Amino acid sequence: QKEVEQNSGPLSVPEGAIASLNCTYSDRVSQSFFWYRQYSGKSPELIMSIYSNGDKEDGRFTAQLNKASQYVSLLIRDSQPSDSATYLCAVNDYKLSFGAGTTVTVRA
Amino acid sequence: EAGVVQSPRYKIIEKKQPVAFWCNPISGHNTLYWYLQNLGQGPELLIRYENEEAVDDSQLPKDRFSAERLKGVDSTLKIQPAELGDSAVYLCASSLQSGGAGELFFGEGSRLTVL
């Protein structure tokens with residue numbers, strides 16, 4: 001079992017819709033959780049971090065964490081074409097493990 | 001402020017040849033990472049440095065890969081000899097915080113093609 005699993009894509013959403021991305025992790029001692037965005041041919045960049053159970057909102061992005069279920073998600077509200085990218089879930093299990101990513105396409 | 005700098009951006013070599021990648025992290029970032037990213041996959045950790053000490057190299061294929069971070073700043077990742085399966089993007093990242101707790105800043109990556 002991979003340490004970090006993300007829902008398989010690609011995910012296609014219309015402009016203005018909500019994109020929902022899911023991630024599960026295997027190591028219960030993980031304390032820090034991150035979402036990185038990676039445009040095609042570019043390197044990853046951090047968009048959200050979350051450390052405690054519940055929701056964290058930053059602009060159009062909301063990260064949700066449930067440590068009991070070992071689950072972290074990312075919601076992108078009012079999706080824009082510029083949100084089209086691969087979203088990587090990362091979990092700090094002392095070495096920061098990444099999921100395989102979910103590719104999101106926002107169609108105009 | 002300058003970001004993480006990597007070179008070369010692209011490298012094409014024949015199998016069994018050696019190759020080296022260089023990384024200059026953000027000034028003041030004591031933690032440095034080397035990741036490997038295959039197409040369609042997430043980054044996979046090769047080695048993590050805290051200052052000049054390699055604190056996690058469990059995923060580094062030590063028969064052909066080596067890394068160093070002299071003086072706790074710049075780092076070099078070497079592959080010798082390269083194999084066809086080593087074709088990938090090699091990402092260097094740095095962080096102000098240790099232990100994977102904080103934000104990682106990635107360089108542009110070094111894309112290796114082994115023929």
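Quick caveat, the model's predicted, so the values are computed rather than measured.

Calculation rules
- Residues numbered from 1 in each chain as written.
- Chains lettered and ligands numbered in written order.
- Predicted model: local features only at pLDDT ≥ 70, side-chain atom pairs only at ≥ 80, totals over all residues.
- Heavy atoms only, no water.
- Helix = DSSP H or I, 4+ residues; strand = E, 2+ residues; numbered from the N terminus.
- Rg over C-alpha atoms; globule rule 2.2 N^0.38 Å.
- Buried < 20%, exposed > 50% of the residue type's maximum accessible area, 1.4 Å probe, protein only.
- Contact = heavy atoms within 4.5 Å.
- Areas by Shrake-Rupley, 256 points an atom, 1.4 Å probe, with all protein chains shown as cover.
- Lys, Arg positive; Asp, Glu negative; His and termini not counted.
- Charge placed at Lys NZ, Arg CZ, Asp CG, Glu CD.
- Pairing = 2+ DSSP bridges.
- Axes fitted to C-alpha atoms, helices over the stretch in contact; angles between N-to-C directions.
- Salt bridge = Lys/Arg side-chain N within 4 Å of Asp/Glu carboxyl O.

Side note on the overall build of chain A
A count of helical and extended segments in chain A gives zero helices and 11 strands. The linear arrangement of helices and strands in chain A, starting from the amino end, is β-β-β-β-β-β-β-β-β-β-β. For chain A, whose C-alpha radius of gyration is 13 Å, the value lies close to the compact-globule estimate of 13 Å for 108 residues. With the C-alpha coordinates aligned to their principal axes, the bounding extent of chain A is approximately 40 × 30 × 20 Å. Counting over 108 residues, chain A shows a buried share of 46%. If you take every contact in chain A between residues at least 6 apart in sequence, the share linking residues at least 24 apart comes to 51%. Accessible surface, chain A as shown: approximately 5,000 Å² in total, 47% of it carbon and sulfur. On chain A, the mean spot of the 10 positive side-chain charges and the mean spot of the 11 negative ones are 2 Å from each other.

Focus: the sheet that holds strand 8 (residues 71-76) of chain A
Whenever strands of a sheet pair, they do so through backbone hydrogen bonds, lying parallel or antiparallel. All names here are of chain A. With antiparallel pairing, the five strands of this open sheet are ordered in space as 1-3-8-7-6. This sheet does not close on itself; its edge strands, each paired only once, are strand 1 (4-6) and strand 6 (54-58). The mean angle between the axes of side-by-side strands here comes to 20°, regardless of whether they run parallel or antiparallel. Looking at chain direction, strand 7 (residues 61-66) and strand 8 are connected through six bridges and run antiparallel. When the bridges of strand 8 are listed, Q64 appears paired with S73.

Description of the sheet that holds strand 3 (residues 19-24) of chain B
All names here are of chain B. One open sheet holds the four strands; their spatial order is 1-3-8-7, and the pairing between them is antiparallel. Edge strands, defined here as strands with exactly one partner in the open sheet, are strand 1 (5-7) and strand 7 (65-68). Mean inter-strand twist for the sheet, computed between neighbouring axes without regard to direction, equals 15°. Sheet analysis places strand 1 next to strand 3, joined by three bridges and oriented antiparallel. Paired with V5 across the strands is N24, a residue of strand 3.

A short note on the environment of I26 of chain B
Positionally, I26 of chain B belongs in the loop between strand 3 and strand 4 (31-37). The spatial distance from the C-alpha of I26 of chain B to the C-alpha of E52 of chain B is 15 Å, given a sequence separation of 26 residues.

Some remarks on the pattern of salt bridges
Inspection of the entire model under this criterion finds seven salt bridges over all chains. Here E45 of chain A makes a salt bridge to R37 of chain A, at a shortest N to O gap of 3.1 Å. Its relative accessible area of 33% is what places E45 of chain A among the partly exposed residues. Residue R37 of chain A is classed as buried on the basis of its relative accessible area, which comes to 15%. Between D83 of chain A and R60 of chain A there is a salt bridge, with the nearest N and O atoms lying 2.8 Å from each other. Highlighted residues: D83 of chain A in the loop between strand 8 and strand 9 (85-92) and R60 of chain A in the loop between strand 6 and strand 7, separated in sequence by 23 residues. Given the relative accessible area of 2%, D83 of chain A is considered buried. One salt-bridge network, held together by shared partners, links R64, E83 and D86 of chain B.

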